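# Tertiary structure, described
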Amino acid sequence: MSVVSRSVSRLVPSTIRTNSIVALQQKCYASTQKTDLKEVLRELVPKEQKRVAEFKAQNKDVSIGQVTVDMVYGGMRGIKGLVYETSVLDPNEGIRFRGKTITECQAELPKAKGGEEPLPEGLFWLLVTSQVPTQEQVEWVTREWNKRAAIPQHVVTMLNNFPAQLHPMSQLSAAITVLNLGSKFAKAYSDSVPKSKYWEYIYEDSMDVIAKLPTIAAIIYRNLYRNGTAVGAIDSEKDWSWNFATMLGYDNKQFVDLLRLYLTIHSDHEGGNVSAHTSHLVGSALSDPYLSLAAAMNGLAGPLHGLANQEVLIWITKLVEKIGDSPTDDQIKQYVQDTLKTSVVPGYGHAVLRKTDPRYTCQREFALKHLPNDKLFKIVSQLYTVVPKMLGELGKVKNPWPNVDAHSGVLLQHYGMKEMNFYTVLFGVSRALGVLSQMIWSRALGFPLERPKSLSTDGLIAFVAAQKKPATGAGTKA
Ligand SMILES: CC(C)(COP(=O)(O)OP(=O)(O)OC[C@H]1O[C@@H](n2cnc3c(N)ncnc32)[C@H](O)[C@@H]1OP(=O)(O)O)[C@@H](O)C(=O)NCCC(=O)NCCS
């Protein structure tokens, strides 16, 4: 019996317990086929608010785990301290978006005409509502994002004035921050809108910023790598990824489909990863979605997080420079060994996952289908056969298997996107879908300011000493 159920049984009579927990397990769904996402949310929010309030009221004192000194010093690994609705990560199975695996999303989410990969618009609808959308609902999201895509001139001017040396992620983060001039939530808050309506403005800002991200990213790309050529206009008949690819300057149909897959699978990875947790934390201060998302992007820009996809490609490029594009396994082993003398092997390992990342696997399947003879893909495959055993032999790496970043760059290279510094921007555009759909729910459910307790080492030592002190028995009193 788990800690949770043991504790529950102490608090609540068994029949009431069974009935109420079963009732609470019933997920709330919208009953209609409405295509307006905000209308669907209006139906869902009160139901989910009621379910969460009842659960909290009935179970507020139930313990769900314990915290050790190792966890406190170990980056809070394993501490259950966050509620994050949109996705959950299983160490062995990988991510589930609202209960659906990547394979299920690929099969069930609507596709563009002629496309084979899911539309990120559909994934966003799923994350926000828990329901797989219809084709009409997805088309509504596309139209809505296309309508909201315009960028204020001052943001364009700012981007155009950035020095070429400024990393694309810094540019992205700065542009998102500055967009908060148009935040509907910030304005509503200063106009004293009631707390019960916060989510509606978070929703508006989220839709606005998601709509604008491809254009911002494309301006950054063209300024840095295409001599500042114009991104062109949004085609209101085309989907978010098609417009993004086109503004970047790519018209290959396979690349567009790759982008749809890429933007779907990088969206969300439960709540504890650096970017999701950052946006959750900053949003809890009621900073608007622009400020919260920009903060998330700054976390994503770290080499142990999103920047790893750039690092992987740099590392593979150096491998090719050093040992050629058709290396033997022994040459690869030597290269990995040399890397381990000074750094980690990028694209391998994970803080939670303990198996090959399904986001890696679906990209591998894409490559096997569309570019089986690509030389860099062959090296990525060869690394897959060599690296896990070597990392396993180190004896300290908890997960020797590849993560999402081990594969994505090679696919982008194949279609001509060679600018590795830009890869994390694509990741960031996708990550917005996950963290912002959660932010709508964080405000709808009234989550408070996040404020965990910290301790100094001295304080921790004193606390542990007090715990270890033998209990004073009844005899002391006498
Ligand atoms: C993702 C990552 C940061 C997770 O870190 P973590 O949860 O601390 O991982 P572990 O608990 O397995 O780390 C234990 C040890 O193994 C090492 N390790 C983990 N992954 C490694 C890798 N890919 N190559 C070499 N060593 C690695 C850690 O550096 C640590 O060593 P230390 O005790 O000497 O500091 C880590 O695996 C990593 O740096 N991977 C490479 C970067 C990357 O791909 N990031 C993208 C993640 S999606």
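Further up the page is the structure itself.
We now turn to the structure provided with this report. Bear in mind that the values here come from a model prediction, so they are computed numbers and not experimental data. (Residues numbered from 1 in each chain as written. Predicted model: local features only at pLDDT ≥ 70, side-chain atom pairs only at ≥ 80, totals over all residues. Heavy atoms only, no water.)

### Describing the site of the ligand
Worth spelling out the cut-off: If a single non-hydrogen atom of a residue is within 4 Å of a molecule or strand, that residue counts as near it. Residues adjacent in sequence count toward polar contacts only when both atoms are side-chain atoms; beyond that, a polar contact is any pair of N or O atoms within 3.5 Å, and within protein one must be able to donate a hydrogen and the other to accept it. What sets the accessible areas is the Shrake-Rupley method with a 1.4 Å probe; for residues, cover comes only from the shown protein chains. Here the term charged refers only to Asp, Glu, Lys and Arg, the term nonpolar to Ala, Val, Leu, Ile, Met, Phe, Trp, Tyr, Cys and Pro, and the term polar to all other amino acids, Gly among them.
In the region of the ligand, 19 residues are neighbours, and Val 345, Gly 347, Tyr 348, Lys 396 and Lys 398 sit closest. Measuring from a nitrogen atom of the ligand, one finds a backbone N or O atom of Val 345 at 2.9 Å. The contact in question runs from an oxygen atom of the ligand to an N or O atom on the side chain of Lys 396, over 2.8 Å. Here the ligand has 850 Å² of accessible area as a free molecule, and 74% of this is covered by the chains. When its residues are assigned to classes, the shell around the ligand shows 10 nonpolar, 5 polar and 4 charged.

### Focus on unusual backbone geometry
A negative phi angle is the norm for most residues apart from glycine, just as the trans form is the norm for most peptide bonds. Basically, it comes down to this: Runs of E in the DSSP output that reach at least two residues are strands. Runs of H or I that reach at least four are helices, and both are numbered from the N terminus. The buried label applies to any residue whose accessible area, calculated with a 1.4 Å probe on protein chains only, is under 20% of its type's maximum; exposed applies above 50%, and partly exposed to all values in between.
Although it is not a glycine, Arg 98 sits at a positive phi angle of roughly 45°. Locating Arg 98 in the fold gives a position in the loop between β2 (94-97) and α5 (102-108). By relative accessible area, which is 15% here, Arg 98 ends up buried. For Leu 286, which is not glycine, the phi dihedral falls at a positive 65°. Assignment of secondary structure puts Leu 286 in the loop between α14 (274-284) and α15 (289-300).

### Concerning the pairing of β2
Basically, it comes down to this: Here a strand pair is declared whenever DSSP counts at least two bridges between the two strands.
Where strand β1 (residues 87-90) meets β2, 4 bridges bridge the pair, whose relative direction is antiparallel. Bridge pairing links Leu 89 to Ile 95 in β2. The antiparallel hairpin formed by β1 and β2 contains 3 residues in its connecting segment.

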